[in-house]
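In case you want the letters, here they are:
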Number of protein chains: 2
Amino acid sequence: MSAPYELIYYTGVPGRGEHVRLILEEAGVPYKDTQSLSFDEARETVTTWLAGDGHGNPPYFAPPLLKHGDLVISQTPNILLYLGPKLGLAGSRENDLYRVNALALTALDGLSNEVHDTHHPITAMLPWEDQKEESKRRSKEWVQNRLPTILAYWQRVLENEERGPGPWLLGDTFTYADLVLFQCLDGTHYAFPKAMKQARETGKYDKVFKLWEDVKARPNIAAYLASDRRQKYQDWGVYRHYDDNDVVAE
Amino acid sequence: MSAPYELIYYTGVPGRGEHVRLILEEAGVPYKDTQSLSFDEARETVTTWLAGDGHGNPPYFAPPLLKHGDLVISQTPNILLYLGPKLGLAGSRENDLYRVNALALTALDGLSNEVHDTHHPITAMLPWEDQKEESKRRSKEWVQNRLPTILAYWQRVLENEERGPGPWLLGDTFTYADLVLFQCLDGTHYAFPKAMKQARETGKYDKVFKLWEDVKARPNIAAYLASDRRQKYQDWGVYRHYDDNDVVAE
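The structure presented is a predicted model; accordingly, all values stated were derived computationally and were not measured. (Residues numbered from 1 in each chain as written. Chains lettered and ligands numbered in written order. Predicted model: local features only at pLDDT ≥ 70, side-chain atom pairs only at ≥ 80, totals over all residues. Heavy atoms only, no water.)

Student: Sorry, what's going on with the relation of the copies chain B and chain A here?
Tutor: Between the two copies of this chain, the relationship is a rotation about some axis together with a displacement along it. Take chain B, turn it by 180°, move it 0.0 Å along the axis, and it overlays chain A with an RMSD of 0.0 Å. In short, the pair behaves as if placed about a two-fold rotation axis. Residue B:Pro121, judged by its C-alpha, is the member of chain B lying nearest the rotation axis, at 2.8 Å. (Least-squares fit on C-alpha atoms with pLDDT ≥ 70 in both.)

Student: I tried to follow the pattern of salt bridges on my own but got confused; where do I start?
Tutor: Pairs may arise between side chains of opposite charge once their charged atoms sit close together. Applying the stated rule across the entire model yields 33 salt bridges over all chains. For the salt bridge of A:Lys210 with A:Asp214, the shortest nitrogen-to-oxygen distance reads 2.7 Å. Of this pair, A:Lys210 and A:Asp214 both sit in helix α8 (residues 206–216), four residues apart, roughly one helical turn. According to the relative accessible area criterion, A:Asp214 is partly exposed, its value standing at 22%. Where B:Lys132 meets B:Asp244, a salt bridge forms, and the shortest distance between an N and an O atom there is 3.6 Å. Here the residue B:Lys132 occupies a position in helix α5 (residues 132–159), and B:Asp244 occupies one in the segment after α9 (219–226), the gap between them amounting to 112 residues. (Salt bridge = Lys/Arg side-chain N within 4 Å of Asp/Glu carboxyl O. Helix = DSSP H or I, 4+ residues; strand = E, 2+ residues; numbered from the N terminus. Buried < 20%, exposed > 50% of the residue type's maximum accessible area, 1.4 Å probe, protein only.)

Student: How should I be thinking about the interface of chain B and chain A in this particular structure?
Tutor: One frequent convention defines the size of an interface as the accessible area lost when the parts assemble. In this complex, chain B contributes 51 residues to the contact, which on the side of chain A involves 51 residues. Interface area, chain B with chain A, both sides summed: about 4,700 Å², of which 55% is carbon and sulfur. Linking chain B to chain A there are two salt bridges. In this structure, the salt-bridge partner of A:Glu134 is B:Arg137, at a minimum N-O distance of 2.8 Å. Taken together, the connections running from chain B to chain A amount to 26 residue pairs in polar contact (both at pLDDT 80 or more). Counting residues per element, the ones that place at least two in the side of chain B that touches chain A are α2 (39–51), β4 (71–74), α3 (76–86), α4 (96–119) and α5 of chain B. (Contact = heavy atoms within 4.5 Å. Buried area = accessible area lost by both parts, 1.4 Å probe. Polar contact = N/O pair within 3.5 Å; in protein donor to acceptor, adjacent residues only side chain to side chain.)

Student: Even after reading the chapter, I still don't get the environment of B:Pro59, so can you show me in this structure?
Tutor: With respect to the helices and strands, B:Pro59 occurs in the loop between α2 and β3 (65–68). Accessibility expressed as a relative area gives 4% for B:Pro59, which makes it buried. Each residue touching B:Pro59, except ones within four places of it in the same chain, is listed here: A:Tyr153, A:Arg156, A:Val157, A:Asn160, B:Gly52, B:Asp53 and B:Gly54.

Shown next as structure tokens:
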């Protein structure tokens, strides 16, 4: 299908839409992005799509959305699943798509959804200030117990040499799961710089931090990150920095 | 591939593994299930798989796992994505797989992950008693604001008649997303019976509650639910009932 890929998302934060941008940027394909609109116009576009009847697809609960011709789909890992094979970023062996999708889902669970919930443990419908005490408690627990568990898992995946000695999650085969993990590590570092520095300095997760650097250095990604298409983290996105939450493990 | 499908999961609760059982039961295919083991043996089997090197696949973070020959994959929506097309339960039109996957992911987000977090808003690594006050606050907010938003979304999907007048999420085409939504509604009803009764009585979500009944009445599902393969909900699973949390909207 020769239709362009169109990302429908908010403007002004990387957010969940960033995973979609990264796969398209890595592949070097042109795409449309509501990010080129003003803040209000992008928000209105998202709202209009969510309120609509799906235009031949089931209605959507939340952005990002990907439009490709008549197909419009939601859910970040689902959009990546659709794009991955088309862009040559979903592995090289039979059934790799399911291996890559599992890795992407696991990265989003632990280092995106869980990190989001550190600043909104009670409800996303109230501001942080109204759940500050719970947020501090959840952040402390997360840094102490979940972050090491999650980083240790990714180190273990990267130490597994059944698919070659690395540096990627599927050994020598670069896939979109590497892009997802990169963005998750990058956002978590914005939210918890002290804990991420502490974790890095233990040396126990060297392959994980190396993957973060290696993705950043890929030519198309490096060019993208240096461009004005890369949005800055803001404290209304998935990843937020609050000094109160920025603790280290004991 | 003629290898059997093997579900690797804990014994004693429906849990996330239940979504895998339901798709296999609906399709009427034989499968192996670690549920046939004792509680301790099943837990040990899960632990052994998680600690291993992936046996030709990347290591896994959490169960359920599906083994099919040499392929072993994790992540509930990923397992369903793998099984759906093989079992004829992933839609009838081009790209329906991505529509079905989006619906399944959205059901799991709102009516499984969010419901889980009502009893563990601070961390899954501490017992409920240690986060009881936060759990009560989150449950109250969830019942008041999230449950109506989520049920209204599913009602809107079911009112969308672009694919026929129903009764399924893709109109007249039954898919595994219907099974996922059924199990999510069923588990949420166990956790929050008062709020679900209240929501039902408003009449605003009649198509959602009808889907729950319609799935329950499908011959293979009805036989499964009446069998001893269907586990009871227990208060150590994804769905837990606490009287303190079982509130109604104001």
